[in-house]
Amino acid sequence: MVRLSRYFLVIIAIIAFSVVIPKFYWMAFEKPVRSPFVMYSCVENDFMIQKSTQDGLVRTDTRGNNYTREQYEEKLPLMYMRQLMISGTMPDTINGVFMDAREINDERSTFRLRTRDLFTPDPGLYPMFESQSGRANLEMPDDYFRITWRMEFVDANTNKILEEKSRMFSAVLYNRGFDFPAKSINGIPTTRKSIDEGYLVIDSEDQLFHVKMIKGKPFVEKVEIPEGLKFKHISCVDFRNKRYYAYLFSEENDLYILTQDDYVLKKLPVDGLIPEEQEIKIYADYFHYNIISDGEGYMRSQILDADFNPVDEYSETWPVKMERTEGKIYKFLFPGELSLSNSNSNYNAFFLNLNKSINWLVLSLILIVIQFFIIKRRNEKFKNQIVDFTAILFTGIFGFLAVNIFPNKFFK
Amino acid sequence: MWKSVIYKEWLKTRWFLIIYAAIGVLAVGRIFLKVQHDFTFNEATNFWYVILFQGYQYFGILKFLPALGGLIIAVSQFFPETVNKRIKLTFHLPIVENKVMIIMMLFGACCLLLTFGVVSLFFYGLSIIYFPHEIIHGALVTMTPWFLAGLAIYFLAALIILEPVWKFRFLYALVAVAFIPSVFFDDTITGGYSPANPVLFVLVIIMSTALLFSGYRFRKGEM
Amino acid sequence: MNAIECNNLTHYYGKKLVYENLNFHVEEGSILGLLGKNGSGKTTTINILNGFLQPRSGECLIYGENTQHLTPENKARIGFLIEGHIQYSFMNIHQIEKFYSGFYRKWDKEPYWELMSKLKVTPTQKISTMSCGQRSQVALGLILAQDPDLLILDDFSMGLDPGYRRLFIDYLREYAKSKNKTIFTTSHIIQDMERLIDDVLIMDYNRVLAQKKVDDFMQNFKQFYFELVDGSIDFSKEDFIANVEKVKNKVEIYTYESDVYVKSFLAKNGIGHKNFKKVEMGLEDAFIGLTGKY
């Protein structure tokens, strides 16, 4: 019993050290690496790459030309329009098209999807805005809805279900073929947007519905999607050009857009987008879409024109932290590390990151020899210490500290 | 015999326990006084909104309350045993030593669970007046590691207090300081701990026998 | 039948030897006093007997059971008084009686309350607020109520004034003798022991100097005084001498041998002396005589 309690304590200590010690190590020795910022120049029809090096910020293109800040900004007129207008260097036409400031602004959008946005607790309740209130500003409704066995509105003031409204919406959903409950509810639940477009809801049969409220009445549209297509993430957007409702990521890692009003689901000709591993950024302007996937140690930029035809692409890799000096030393020190949080998730779980090399075994063996001498000095029998030695072998420095903080004495 | 052991533990802890439970109930009262105030002065819908979408934790003052409870119960229960090595009396009772310690541990753990239960029930009972189950569920998931931390701190504090050698007390405290904040109080958002909670639960269960280790070291004459 | 039996006890603190191959036993029904200077291993022995210390080697048996793992049934037969009369001082005399009564089948509260009735304490007064003497009576009362067969008393006289000490000893001896109890006790006040114990076990650093009936010990262990003609003669190496205290030409020797033996030794070796006499000793004198003043 006591022996067992000791083993439990050793386990607790190993967990504690495998969380804390590597964390301190990285805090002390990790050097920052920023992924390059890659944009596409509509003037040069080439990539503009900005990265921080030892000599400061460097701006180049793919042909090896270096640019000053001013030159760089002139190559990206749609992006730096305001700056160029102040400097008086904004061209009137680009690629033969007359540049209207308002139009440039309307067509420009940025989008970012972090991996952690995929792994995050679902609030379960959403506000249904009145999308045609006739008011300039959106107003926060007094009730929130959930879609479980039906669509229910709960009034915040009374914490009671609004029966009539719930029945009305549920009935319409039902009539449109909605299969309760909802798998995911996607929208922009804030009043700080230009206009409300309600929610894109996936039902339990992976059908896609557009649900909003117009003058207090439900508006439900079922979106036709190809057989077997399932979405793992839907990001609704509120862009000024109102061309589409959302970026949709399918289970097959394809990227779709859903056009406004005519509900055409369009698959974009890009590949290799894995939102579970990469941060996805989409910069759109009058001429191009720049779809960037930022992974660990690599980035890729795929350029589409305004009609979604592939134009160009660029990719780059750099050494990840495990390949740099601090990582190489790490491989000799720790068998792995444990963390309760992860930059790719909003959830807290026991994230185990094992050291993929076996270099750490060297330290384990050294520690086993040291432990051997400790045991000898204490005049203990070696056969009573086999578990301790095994713990040190597999958990290295963590196990060594743990078995000595909770020493194996008196156990025969 | 276990009744007598419990009687002794009760004599040691009763006032601390009653005061602690009162603090817990007052803390919940304070939470809902504020909720009620905010519902009146702000709009209910806005209050729901900041909870659902902006990560506001209306129950935030409960964060370290269970930790405090674990510490209070452990100290009130085990500190008197170490004064003049009074634990010798306990070990001399005609009952198996580990059994006495387990009964003592179970008493403390049950006291904590009872107060946590009272606080949670009170919290839940008031929550269902103001909030839908999604919000309450998020709150309870978020509070679970806090309550488990209370138990973990209780078990580790018992281990540390009963340890006869100061050097090892210090080392155990080091383990506790590394373990508790990084495992139970990591950066999180409301509901974020749901995958970790079952594991934390298992860890807390295995920590419950910790005091047997330092008790055994005492009996073997470590000093 | 032995109540206590210790065989080949060896213990170290770190590298410091406490004792090696210590053997002793306590017969049932006898009262044994363990005497020794500070640091000679009295507390170590008590701790081993109560299972609070694991000796480096050897074993102690109480009623045939190794003290490292006494069964609850056996522990119920042992009454234990901790040095300083330590008890659960956060309880009052009612609470503590209620607490202990739950553990012992033979619990008899009569002697406890008899002792308590003589104390001037209030029913709700915590033990922590009582005087040393009062606390000793509580601790004693609890042991008597437990009605154990073996009493292990660690320095029972500590902190007691003479009245309470006398009370404690007389009560204890009367109790032990009338009910055939075994007592194993230490005390640093040896005069107390004289009234109480039947057997004496005297320890010095690393070894046992004597284990005997007190009466035998007092009869056989003698002190002789004489004055030397030549003050430079040294006897300390002689086998029959347990200890010598010598100031200039004045000599006190401690020995188990008779005056005839000592005189003949002196004569045989031609050692001139005068004023030879036997000195009467109490237990304390004998203890100091055996162990030396330092």
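Fair warning: this is a prediction, and the values are worked out from it, not measured in the lab.

Novice: Mind showing me how you'd approach unusual backbone geometry here?
Specialist: Trans peptide bonds make up the majority, and among non-glycine residues the majority have a negative phi. The residue after F180 of chain A, namely P181 of chain A, is reached through a cis peptide bond having omega -5°. Relative to the elements of secondary structure, P181 of chain A occurs in the loop between α6 (163–175) and β12 (182–187). Positive phi, normally seen in glycine, also occurs at H85 of chain C, with a value near 55°. Here H85 of chain C is to be found in the loop between β6 (78–81) and α3 (93–101). A positive phi angle, near 55°, is found at N275 of chain C, a position not held by glycine.

Novice: What should I look at first to understand the sheet that holds strand β10 (residues 151–155) of chain A in this one?
Specialist: Strand pairing in a sheet relies on backbone hydrogen bonds, with the paired strands running either antiparallel or parallel. Residue and element names in this part refer to chain A. Read across the sheet, 4 strands follow the order β8-β9-β10-β11 without closing on themselves; strand pairing throughout is antiparallel. The open sheet is flanked by β8 (126–127) and β11 (160–161), the only strands paired with a single partner. One ladder, built from 2 bridges, connects β10 with β11; its direction is antiparallel. Paired with D155 across the bridge in β11 is K160.

Novice: What exactly am I supposed to notice about the domain arrangement of chain C here?
Specialist: Interfaces are frequently sized by the accessible area removed from exposure as the parts join. Residues and elements named next belong to chain C. The domain boundaries assigned to chain C delineate domain 1 (2–216) and domain 2 (221–291). Put simply, the middle of domain 1 and the middle of domain 2, counted by C-alpha atoms, are 36 Å apart. The interface of domain 1 with domain 2 comprises 11 residues on the first partner and 6 residues on the second. Elements with a minimum of two residues in the side of domain 1 that touches domain 2: α7 (190–196), β9 (199–204) and β10 (207–213). Counting residues per element, the side of domain 1 that touches domain 2 draws most heavily on α7, which supplies 4 residues. Within the side of domain 1 that touches domain 2, the residues separate by chemical class into 7 nonpolar, 1 polar and 3 charged.

Novice: Can you walk me through the interface of chain A and chain B in this structure?
Specialist: With 40 residues of chain A at the interface, the matching set in chain B holds 42 residues. Ranked by residues supplied to the side of chain A that touches chain B, first place goes to helix α1 (residues 2–29) of chain A with 14 residues. Class assignment for the residues of the side of chain A that touches chain B results in 30 nonpolar, 7 polar and 3 charged.

Novice: Before we go on, may I ask you to explain helix α2 (residues 44–53) of chain B in this structure?
Specialist: Among the residues of α2 of chain B, A44, F47, W48, Y49, I51 and L52 of chain B are the ones counted as buried. As for α2 of chain B, its buried residues are in contact with β8 and β9 (143–147) of chain A together with α1 (2–41) and α6 (133–162) of chain B. Directly beyond the C-terminal end of α2 of chain B, a positive phi value near 75° is found at G55 of chain B.

Novice: Is there a simple way to explain the pairing of strand β13 (residues 199–203) of chain A in this structure?
Specialist: A regular strand places its side chains on the two faces of the sheet in alternate fashion. Residues and elements named next belong to chain A. Taking burial as the measure, the 5 residues of β13 include 5 buried ones, the bulk of the element. Residues Y199, V201 and D203 point to one face of β13 and L200 and I202 to the other, with burial holding for every one of them. Hairpin remark: β13 followed by strand β14 (residues 208–214), antiparallel, with 4 residues in the connecting loop; positive phi at D206, about 60°.

Novice: Help me understand the pairing of β6 of chain C in this model?
Specialist: All names here are of chain C. Burial along β6 is two-sided: I78 and F80 and G79 and L81, pointing in opposite directions, are all buried. Alignment of β6 against strand β7 (residues 150–154), held across 4 bridges, turns out to be parallel. Residue F80 lies in a different strand from β7, and its bridge partner there is I152.

Novice: I tried to follow the interface of chain C and chain B on my own but got confused; where do I start?
Specialist: In this complex, chain C contributes 24 residues to the contact, which on the side of chain B involves 20 residues. Breaking the side of chain C that touches chain B down by element, the ones donating at least two residues are α2 (72–75) and α3 of chain C. The residue makeup of the side of chain C that touches chain B, split by class, is 13 nonpolar, 8 polar and 3 charged.

Novice: Looking at this model, I keep getting lost on the confidence of the model for chain B. Mind explaining?
Specialist: If pLDDT is low for a region, its predicted coordinates should not be looked at in detail. When the pLDDT values of chain B are averaged, the result is 94; 100% of them are 70 or greater. Predicted confidence in chain B is weakest over helix α4 (residues 87–92) of chain B, with a mean pLDDT of 91, and strongest over helix α8 (residues 197–207) of chain B, with 97.

Novice: Help me understand the environment of R169 of chain B in this model?
Specialist: Residue and element names in this part refer to chain B. Within the secondary structure, R169 is located in helix α7 (residues 166–184). Residues R169 and S214, spaced 45 residues apart in sequence, show a C-alpha to C-alpha distance of 9.4 Å. Residue contacts for R169: discarding those within four places in its chain leaves I160 and E163.

Novice: Explain the sheet that holds strand β11 (residues 222–228) of chain C here, please?
Specialist: Residues and elements named next belong to chain C. The strand order β12-β13-β11-β14 describes an open sheet built from 4 strands, whose pairing is antiparallel. Strands with a single pairing partner mark the edges of an open sheet, and in this sheet they are β12 (241–247) and β14 (273–279). With direction set aside, neighbouring strand axes in the sheet form an average angle of 20°. With 5 bridges connecting them, β11 and β14 associate as antiparallel partners. Bridge pairing in β14 links Q223 to V279. Of the strands in this sheet, β11, β13 (250–255) and β14 touch helix α9 (residues 259–268), which is tilted by about 160° from β14.

The rules behind each value
Residues numbered from 1 in each chain as written. Chains lettered and ligands numbered in written order. Predicted model: local features only at pLDDT ≥ 70, side-chain atom pairs only at ≥ 80, totals over all residues. Helix = DSSP H or I, 4+ residues; strand = E, 2+ residues; numbered from the N terminus. Pairing = 2+ DSSP bridges. Domains from an automatic or database assignment. Contact = placed C-beta atoms within 7 Å. Nonpolar A, V, L, I, M, F, W, Y, C, P; charged D, E, K, R; others polar. Buried ≥ 20, exposed ≤ 12 C-beta atoms within 10 Å, placed from the backbone. pLDDT = per-residue confidence, 0-100. Axes fitted to C-alpha atoms, helices over the stretch in contact; angles between N-to-C directions.

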